[in-house]
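So the chains spell out like this:
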Amino acid sequence: MCIRDSNNFIPNYFGPQRFGMNKNNKDIARCILLRDYQKAVNLLLAKNEKEFEYLMVLAADTILEKEYVEKVVKAMERNGAIIASGYIIEEGYSKVPRGSGRIFNFKWFKENVGYFPEAYSWESYPLYLAWSRGEKMLVVREAKMSVSRLTRRYKPLYGKAMKELGFSLFFVLGKAVTWALGGDIGDAIGLVRTYLRHPLRDVYGLSKYVREYERERMKGMARRVFLPFVSPLIRF
């Protein structure tokens, strides 16, 4: 594996001569090269006996503003949150902590999550687990970040994660309809296709909570879908 500077190739060694603190650098490097990032992080967590206060997930294409971490951590401590993030400038404010730039209370993570699941929904699982237990999460408006790859690119693949989390086909179809009505027809088709083709279902045993979550979201979907048609009649 090599990293190139402006003039030459600079060797970046992964192998027996670079064991690392836990003597598993070559295993971590292999996962990185194979793009099995969840397993790479889990190898780091499994061998690391140090206690940390926080754990942050950060994608390679994410640029954090100055003092991003300090702002998020202070907000977490002030509000008693166990998961938090800032927001992505290119995508606007979100009520749900983003995947990249997300910071966990490490004690909570270690006791409740332990390791990131090696599945497509690895990023979503801790959020739904926290929601199901009534834990507090937040998005910090004062903390901003920028990305080169927008979330939109991955929307057609959401079906995989939704099936792993235990969402019903009925809910997925409802979400696809709202996307299609908003002009995202290709994403809507991709969502249903990936859901139907994915073999894993309800990997984490959260289906009971997910069903309750579905009912609340379906009410919101129904309002978005039917309100434009009903409003003129009400005014009339």
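Q: Which residues make up helix H3 (residues 68-79), and what values go with them?
A: Over its 12 residues, H3 extends 17 Å from the first C-alpha to the last, a length consistent with the 16 Å expected when each residue adds 1.5 Å. Taken together, the buried positions of H3 are Tyr 68, Val 72, Val 73, Ala 75 and Met 76. Considered in projection along H3, the buried side chains sweep an arc of 160 degrees and stay on one side of the axis. Structural note: H3 exposes Lys 74, Glu 77 and Arg 78 on the side pointing more than 90 degrees away from its buried face. Note on H3: the residue one or two positions beyond its end, Gly 80, has a positive phi of about 70 degrees.

Q: Tell me about the side chain of Ser 100, and please be specific about residues and values.
A: Residue position: Ser 100 is located in the loop between strand S5 (83-88) and strand S6 (102-105). A distance of 2.8 Å separates the side chain of Ser 100 from the backbone nitrogen of Ala 59, its partner in a polar contact. For Ser 100, the side chain forms a polar contact with the side chain of Thr 62, separated by 2.6 Å. Setting aside anything within four residues of it in sequence, one finds Ser 100 in contact with Val 57, Leu 58, Ala 59, Thr 62 and Met 145.

Q: Now, about the confidence of the model for the protein: what can you tell me, with residues and values included?
A: Scored by pLDDT, the protein has a mean of 81; 80% of the residues are at 70 or more. For the protein, the element scoring lowest by mean pLDDT is strand S1 (residues 2-4), at 42; H3 scores highest, at 95. A low-confidence stretch, residues 1-6 (pLDDT under 50), is modelled with 14 contacts involving residues beyond four sequence positions or located in other chains.

Reading the values: the criteria
Residues numbered from 1 in each chain as written. Predicted model: local features only at pLDDT ≥ 70, side-chain atom pairs only at ≥ 80, totals over all residues. Heavy atoms only, no water. Helix = DSSP H or I, 4+ residues; strand = E, 2+ residues; numbered from the N terminus. Expected span 1.5 Å × (residues − 1). Buried < 20%, exposed > 50% of the residue type's maximum accessible area, 1.4 Å probe, protein only. Arc of directions from axis to C-beta. Polar contact = N/O pair within 3.5 Å; in protein donor to acceptor, adjacent residues only side chain to side chain. Contact = heavy atoms within 4.5 Å. pLDDT = per-residue confidence, 0-100.

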